[in-house]
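# Results of the structural survey
Here are the chains, one letter per residue:
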Amino acid sequence: VNAVTEMGAIIVASSGNDNSELDHFPSAYDNVLSIGGTSNSDVKYSGSNYGPQVDLVAPALTMMTTYNNGNYGIVGAGTSYSAPLVAGVIALVEAKFPELSNYQAAEQVRVTADNIDAKNPAYIDKLGKGRLNAFRAVVETDLPSIRLLDISFVDENGNGIIEQGEDIEIFPTFVNYLSPVSNVVLTLEESDQHVILTQKNQEIAAIGTMEELTLTTPFKFHVSAAAPSGHPIDFKIRMETGDYNDFVDFHLTVMPLFANVDINNVATTISSIGRIGFADDGDNQEGLGLLFKNGNNLL
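Residue positions are counted from 1 within each chain, in the order its sequence is given. Only residues with pLDDT of at least 70 get local features here, since the model is predicted, and only at 80 or more are side-chain atom pairs given and counted; chain-wide, interface and lining totals rely on the full set of residues. Side-chain numbers come from the whole structure's heavy atoms, not from hydrogens or water.

## Some points on the packing of aromatic side chains
Geometry of aromatic contacts follows a simple scheme: Phe, Tyr and Trp rings, the Trp one being its six-membered ring, pair when their centres are within 6.5 Å, and the pair is stacked under 30 degrees between planes, edge-to-face over 60, tilted otherwise. One pass over the full model with this rule turns up five aromatic pairs. On the basis of an interplanar angle of 55° and a centroid distance of 4.7 Å, the ring pair of Phe25 and Tyr29 is categorised as tilted. Only protein chains enter the accessibility calculation, which uses a 1.4 Å probe; a residue is then buried when its area is under 20% of its type maximum, exposed when over 50%, and partly exposed in between. Of the residues examined, Tyr29 reaches a relative accessible area of 45% and is grouped as partly exposed. Look at Tyr103 and Tyr177: their rings are 4.9 Å apart centre to centre, the planes differ by 40°, and that puts the pair in the tilted class. In this pair, Tyr103 is assigned in helix α3 (residues 102-111) and Tyr177 in the loop between β7 (167-176) and β8 (181-190), connecting sequence segments 74 residues apart. Three or more aromatic residues joined by ring pairs form one cluster here, namely Phe221, Phe235 and Phe250. Its end group placed over the ring of Tyr123, Lys44 keeps NZ or CZ at 5.0 Å from the ring centre. To qualify as a helix, a DSSP run of H or I must reach at least 4 residues; to qualify as a strand, a run of E must reach at least 2; elements of each kind are numbered from the N terminus. Charge-over-ring placement is defined geometrically: NZ (Lys) or CZ (Arg) within 6 Å of the ring centre, and within 35 degrees of the ring normal.

Right, dumping it as structure tokens:
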């Protein structure tokens, strides 16, 4: 968030056209607004990627655009046509509300999207906040936008690793980019056979504009003794108050197969199968690489 804001730009990227829930880059990177695609009837465009990395969706079919020699025409299909629509509406919001930062303008566009889950029962919670609504984005000014900044946890034996058979406490940190809000009901959800939620309901009494808040009373869960090492647990936190409802996704890993090491000026990752830098083969997502003085990855 800070890096994007300091650069003075919001990065808006198409979610990709593989009809897949797998991460797509650059749209799945942190601080990038990921845009999926819809048809003119608010049904997911058949090729659009979907999933927790998508922030909102916009039309991807029968788009009118400029052609050579002063003409207009209908272009093809794809989320590459959806992302510019969202970027354009962010520009409208910045023109209408110049007091907003770039990131706040992007969040204003996201939270004013229309929920289209009813028309997409197979993709509930997988099309972000909904379909872009330019009108709502420039007229509604009373919505909050609560996002997850960080997740910390306390494990039962205090070694910083989620192990089989342990009870875990989760302490999420949130930030509210837009209007102040109070009495936000939080509900932790998961559908993992190796997890039992033992405390799934919490509340944010109040959180102001651009305020960061860490829960002091944790969510809690128990990990089964049969959970395999390296097993990812996918969680969702729903947030509701008045007319506002939103959700955030995150995951934690049981007995991770790699660990980050940061000593003096060098930081890197070591894995349980002898890899250094990254634990995965080729994607380079599980690990730090090799960093010197917090610089760029040198691998």
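## A closer look at the nonpolar core
Definition of nonpolar core: a set of buried residues of the types Ala, Val, Leu, Ile, Met, Phe, Trp, Tyr and Cys, connected through side-chain atoms within 4.5 Å. Among the nonpolar cores identified, the biggest contains 27 residues, and Ile170, Leu186, Phe221, Phe235, Ile237 and Met239 are the most heavily contacted of them. Looking at this core, the elements with two or more residues in it are β6 (146-154), β7, β8, β10 (201-207), β12 (219-223), β13 (231-241) and β14 (244-254). It is β14 that contributes the most residues to this core, five residues altogether.

## Overview of the environment of Ala91
Mapped onto the elements, Ala91 comes out in helix α2 (residues 82-96). Overall, the relative accessible area of 43% leaves Ala91 in the partly exposed class. For the pair Ala91 and Glu286, spaced 195 residues apart in sequence, the C-alpha to C-alpha distance is 35 Å.

## A few points about the sheet that holds strand β1 (residues 11-14)
Being paired, for any two strands, means DSSP has found at least two bridges between them. Ordered in space as β1-β2-β3, the three strands form an open sheet in which the pairing is parallel. Both edges of this open sheet fall to β1 and β3 (56-59), since each of them pairs with a single strand only. On average, each strand axis in the sheet is tilted by 40° relative to the strand beside it, whichever way the strands run. For strand β2 (residues 32-38) and β3, the ladder comprises four bridges, and the chain directions are parallel. When the sheet's bridge partners are listed, Gly36 is paired in β3 with Val57. Taken strand by strand, α2 contacts β1, β2 and β3, and its axis lies near 125° from that of β2. Axes here refer to lines fitted to C-alpha atoms; in helices the fit is confined to the stretch in contact. Angles between the N-to-C directions go from 0 to 180 degrees. Note on contacts: a residue pair qualifies if any of its non-hydrogen atoms lie within 4.5 Å across the two residues.

## Description of the side chain of Ser20
Position of Ser20 among the secondary structure elements: in the loop between β1 and β2. For Ser20, a relative accessible area of 16% corresponds to the buried category.

## Quick word on unusual backbone geometry
Between Phe25 and the following residue, Pro26, the backbone shows a cis peptide bond with an omega angle of 15°. Following the sequence through the fold, Pro26 ends up in the loop between β1 and β2. Despite not being glycine, Asp42 shows a phi value in the positive range, around 70°. Asp42 gets classed as buried once you look at its relative accessible area, which sits at 13%. Of note in the backbone geometry, Asp125 takes a positive phi value of approximately 70° without being a glycine. Within the element layout of this structure, Asp125 appears in the loop between α3 and α4 (134-139).

## Describing the sheet that holds β8
Backbone hydrogen bonds are what pair the strands of a sheet, in a parallel or an antiparallel way. In spatial order, the strands read β10-β8-β13-β14; together these four strands make up an open sheet with antiparallel pairing. Each end of this open sheet is capped by a strand with a single partner; those strands are β10 and β14. Recorded for the sheet is a direction-independent mean angle of 25° between the axes of neighbouring strands.

## Quick look at the pattern of salt bridges
Should a side-chain nitrogen of Lys or Arg be within 4 Å of a carboxyl oxygen of Asp or Glu, the pair is scored as a salt bridge. This structure, assessed with the given rule, holds 13 salt bridges. Glu107 is the partner of Arg147 in a salt bridge, and the nearest nitrogen-oxygen pair spans 3.3 Å. In this pair, Arg147 is assigned in strand β6 and Glu107 in helix α3, connecting sequence segments 40 residues apart. The shortest N-O distance in the salt bridge between Asp125 and Arg238 comes to 2.3 Å. Of this pair, Asp125 sits in the loop between α3 and α4 while Arg238 sits in strand β13, and the two are 113 residues apart along the sequence. One network of salt bridges, in which partners are shared, links Asp42, Asp114, Arg131, Arg136 and Glu140.

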